[in-house]
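Residue-level structural notes
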Amino acid sequence: NGMISNMYNFEVVNKTFYNKHIEIKVTKPRTAVLKMVDRNSPQFELNEDELAKGSFFIIIPQTDIKANNIKTDIEIYSNNKLIRTIETNFVAPVK
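Residues numbered from 1 in each chain as written. Predicted model: local features only at pLDDT ≥ 70, side-chain atom pairs only at ≥ 80, totals over all residues. Heavy atoms only, no water.

**Notes on the overall build of the chain**
For the chain, the helix and strand inventory stands at 0 helices and 7 strands. Start at the N end of the chain and walk to the C end: the helices and strands fall as β-β-β-β-β-β-β. The buried share among the 95 residues of the chain stands at 38%. Contacts spanning at least 24 positions in sequence make up 66% of the contacts within the chain whose residues lie at least 6 apart. Put simply, the chain shows about 6,300 Å² of open surface, and 49% of that area lies on carbon and sulfur atoms. (Helix = DSSP H or I, 4+ residues; strand = E, 2+ residues; numbered from the N terminus. Buried < 20%, exposed > 50% of the residue type's maximum accessible area, 1.4 Å probe, protein only. Contact = heavy atoms within 4.5 Å. Areas by Shrake-Rupley, 256 points an atom, 1.4 Å probe, with all protein chains shown as cover.)

Structure (C-alpha cells):
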C-alpha cells in the first residue's frame, strides 16, 4: 500500500489528584500519521493517580522515506498543554 509503519509502546502516569485529558501526537515528520493499536483515539482521559499503557503505529508514506533512520517527534499533551516532546527514530528501508 506504499506505507511503512513502526510500532511504539507508551506509559503515561497521572501523579496528580486531578483527572487529565491526554493526547498523543506525532509532529515530525510532517506526513507521519499516528494510529493507536488498543484504543480508538490518541486522546483519552486519565484519572488521578492512574497509569495508562498502550501501543501505537507511526505510519509514513514510502515516498517520504529518504533515509533508513528518520528522526521522529512525539508530543504528549495534558489538558491541551504540551507537557513533553519525545524524540525517537523511525527505521525503514529506502527504495
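**A short note on the sheet that holds strand 7 (residues 81-91)**
Pairing is antiparallel across the open sheet formed by 4 strands, whose spatial order is 4-2-6-7. With partners counted over all chains shown, the strands left at the sheet margins are strand 4 (43-46) and strand 7, one partner each. Strand-to-strand twist of the sheet, defined as the mean angle between neighbouring strand axes without regard to direction, takes the value 25 degrees. (Pairing = 2+ DSSP bridges. Axes fitted to C-alpha atoms, helices over the stretch in contact; angles between N-to-C directions.)

**Notes on the sheet that holds strand 1 (residues 3-13)**
Pairing between the strands of a sheet is mediated by backbone hydrogen bonds and can be parallel or antiparallel. Taken in spatial order, the 3 strands of this open sheet run 1-5-3, and their pairing is antiparallel. Because the sheet does not close on itself, it has two edges, and the strands there are strand 1 and strand 3 (33-36). Here the strands of the sheet are splayed against their neighbours by 30 degrees on average, with no regard to which way each runs. Here strand 1 runs beside strand 5 (residues 51-61); their pairing, made up of 11 bridges, is antiparallel. Within strand 5, the position partnered with Glu11 by the bridge is Lys53.

**A closer look at the environment of Tyr8**
As for its placement among the helices and strands, Tyr8 is situated in strand 1. Beyond its immediate stretch of four places on either side in the chain, Tyr8 contacts Gly54, Ser55, Phe56, Ile58, Thr88, Asn89 and Phe90.

**Observations regarding the pattern of salt bridges**
Counting across every chain of the model gives 1 salt bridge. In this structure, Glu11 and Lys53 form a salt bridge, with 3.8 Å as the shortest nitrogen-oxygen distance. Of this pair, Glu11 sits in strand 1 while Lys53 is found in strand 5, placing the two residues 42 residues apart along the sequence. In this structure, Glu11 and Lys53 share a single accessibility class: exposed. (Salt bridge = Lys/Arg side-chain N within 4 Å of Asp/Glu carboxyl O.)

**Here's the deal with the nonpolar core**
One finds Phe10, Ile24, Phe44, Phe56, Ile58, Ile65 and Phe90 to be the most contacted residues of the largest nonpolar core, which totals 22 residues. Of all elements in the fold, only strand 1, strand 2 (20-28), strand 3, strand 4, strand 5 and strand 6 (69-78) reach the threshold of two or more residues within this core. (Core = buried A, V, L, I, M, F, W, Y, C linked by side-chain atoms within 4.5 Å.)

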